[in-house]
Structures are given as structure tokens and as C-alpha cells.
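Residue-level structure breakdown
These are the residues of each chain, in order.
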Amino acid sequence: MEKSKNNQNKITAGLLAVYLFALTWIIVFKMQFSFQGLPDFREINLIPFAGSANVNNQIDFNEIIYNVLAFIPFGIYISMLKPNWSFLKKIAVIAGVSLLFEVLQFIFAIGASDITDFMGNTLGGIIGVGVYIVFCKLFSTKANKILNVLTSIGVIFLVALVLLLISGVIRFKF
């Protein structure tokens, strides 16, 4: 039983590493393969929703939703690896990583550091922690195994997307 749990933790840690690599590539490196493709501006927005993309003077919620969705897996992974941590400790780590991404964008002048992104990322992490709690209630001891299978499928799709972007089959303009 303990060996199975240890194997599940190794799988989870590996999936978390791939996820964090992809998240860094998406958020910090804007899905670029060279430094020349990165934006060259430094901006900071500390007013919630003020920096969000506006279309016809209305907030475009797509970017906010993407930020929330991007961090849901992080909340799941943290909960799987550290189930005994308090809710607040898990959220502190998620918020800290989100803040790190925003600060890196500012330091290296590769985009806008936005409080709305930080809030969306943190909310996504909170949702991920909630998803983990629900899975534990529904599936008890098999929750981690089921979540590892589901997140493995997600990683396969993520790798496939990256390969399609690299090959030029899909084009994405940030």
C-alpha cells in the first residue's frame, strides 16, 4: 500500500514538473521559442480588471477565464502532494507562484504584470484545491490514482498542442 502511494506521488511530482514547465513557457515566455519573439515592454496594473482586454469598452473575460483555468491543475497537484497542508498554506504557495510569474514579467520587461492575472490564477488554484477535496470525498483512497490518470491525459493533450505549435500546424498569436 505504501509503495503504491509512493509511486503515485512520483507520478504526481513528474506531472507537476511538466505542468510547471508548460505554465512557465505560456506565462513568462508567451509561447515563444526565442527571446526575439518576446514582447519588449514593462507595465504594471494594480487596479483589478482595469488592465483586462477591453472590447467595445467592455471587459473581455476570456483572458481572466484562461488564467483561472491555467491554475486549476496547480491546486490539484499541490493538494495531491501535500494533503496534510492546511488550505491556507496551499493557497499561499499557489499565490506565491502566481506572484513570481508576474514579478518575472516585470523584471525582464516581457509583458504586463497585472493584479487581475494574479487574482485569476489564485482563484484557479483555489478551485483546484476544491476539486481535489471533492475527488477525495467521492473516491476516497483512489482519488490520487484517478486524478493522476486524468491529469496524465491533460499532459498528453498539452504536449500534443506544443508539438502542433512547433510544427506550425497551429498558429497562436499572443
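Residues numbered from 1 in each chain as written. Predicted model: local features only at pLDDT ≥ 70, side-chain atom pairs only at ≥ 80, totals over all residues. Heavy atoms only, no water.

**Re the overall build of the chain**
Looking only at helices and strands, one finds five helices and four strands in the chain. Counting over 174 residues, the chain shows a buried share of 34%. A sequence separation of at least 24 residues applies to 70% of the contacts in the chain between residues at least 6 apart. For the chain, the exposed area adds up to about 10700 Å²; of that, 69% sits on carbon and sulfur atoms. (Helix = DSSP H or I, 4+ residues; strand = E, 2+ residues; numbered from the N terminus. Buried < 20%, exposed > 50% of the residue type's maximum accessible area, 1.4 Å probe, protein only. Contact = heavy atoms within 4.5 Å. Areas by Shrake-Rupley, 256 points an atom, 1.4 Å probe, with all protein chains shown as cover.)

**Quick look at the packing of helix α2 (residues 61-81) against helix α5 (residues 143-167)**
To describe two helices that pack against each other, one gives the angle between their axes and the distance between the axes. Two numbers describe how α2 lies on α5: the axes approach to 11 Å, and their chain directions differ by 145°. Of the two elements, α2 crosses α5, and the hand of that crossing is left-handed. Together, Ile76, Tyr77 and Met80 of α2 and Asn144, Leu147, Asn148, Thr151 and Val155 of α5 make up the contact between the two elements. In the contact of α2 with α5, the residues fall into five nonpolar, three polar and no charged. (Axes fitted to C-alpha atoms, helices over the stretch in contact; angles between N-to-C directions. Left-handed = near helix turned anticlockwise from the far one by under 90°. Nonpolar A, V, L, I, M, F, W, Y, C, P; charged D, E, K, R; others polar.)

**Quick notes on the packing of aromatic side chains**
Counting across every chain of the model gives five aromatic pairs. Measuring from ring centre to ring centre gives 6.2 Å for Tyr19 and Phe74, while their planes differ by 25°; the resulting arrangement is stacked. One end of the pair, Tyr19, is in helix α1 (residues 2-27); the other, Phe74, is in helix α2, and 55 residues separate them in sequence. On the basis of relative accessibility, which here comes to 8%, the residue Tyr19 falls in the buried class. Since its relative accessible area comes to 2%, Phe74 is described here as buried. For the ring pair Phe71 and Phe74, a centre distance of 6.0 Å and an interplane angle of 85° mean the geometry is edge-to-face. Residue Phe71 and its partner Phe74 are both found in helix α2; the two are separated by three residues, about one turn of the helix. A residue is classified by how much of its surface remains accessible, and Phe71, at 0% relative accessible area, is buried. (Phe/Tyr/Trp six-rings, centres within 6.5 Å; stacked < 30°, edge-to-face > 60°.)

**Here we look at helix α3 (residues 87-107)**
If you check α3, its first and last C-alpha atoms are 30 Å apart, about what 21 residues at 1.5 Å a residue would give, namely 30 Å. Trailing α3 by a residue or two, Ala109 shows a phi angle of about 50°, which is positive. (Expected span 1.5 Å × (residues − 1).)

**Side note on the environment of Lys89**
With respect to the helices and strands, Lys89 occurs in helix α3. Separated by eleven residues in the primary sequence, Lys89 and Ile78 place their C-alpha atoms 10.0 Å from one another.

**Quick look at the packing of α2 against α3**
As a packed pair, α2 and α3 sit with axes 10 Å apart at the nearest point and diverge in direction by 140°. In terms of their interaxial angle, α2 and α3 are classed as oblique. Crossing handedness for the pair α2 and α3: right-handed. In contact with Phe71, Phe74, Gly75, Ile78 and Ser79 of α2, α3 contributes Lys90, Val93, Ile94, Val97, Ser98 and Phe101. When its residues are assigned to classes, the contact of α2 with α3 shows seven nonpolar, three polar and one charged. (Parallel < 35°, antiparallel > 145°, perpendicular 65-115°, else oblique.)

**Concerning the side chain of Ser98**
With respect to the helices, strands and loops of the structure, Ser98 is situated in helix α3. Apart from residues lying up to four places away in sequence, Ser98 is in contact with Phe71, Asp117, Phe118, Asn121 and Thr122.

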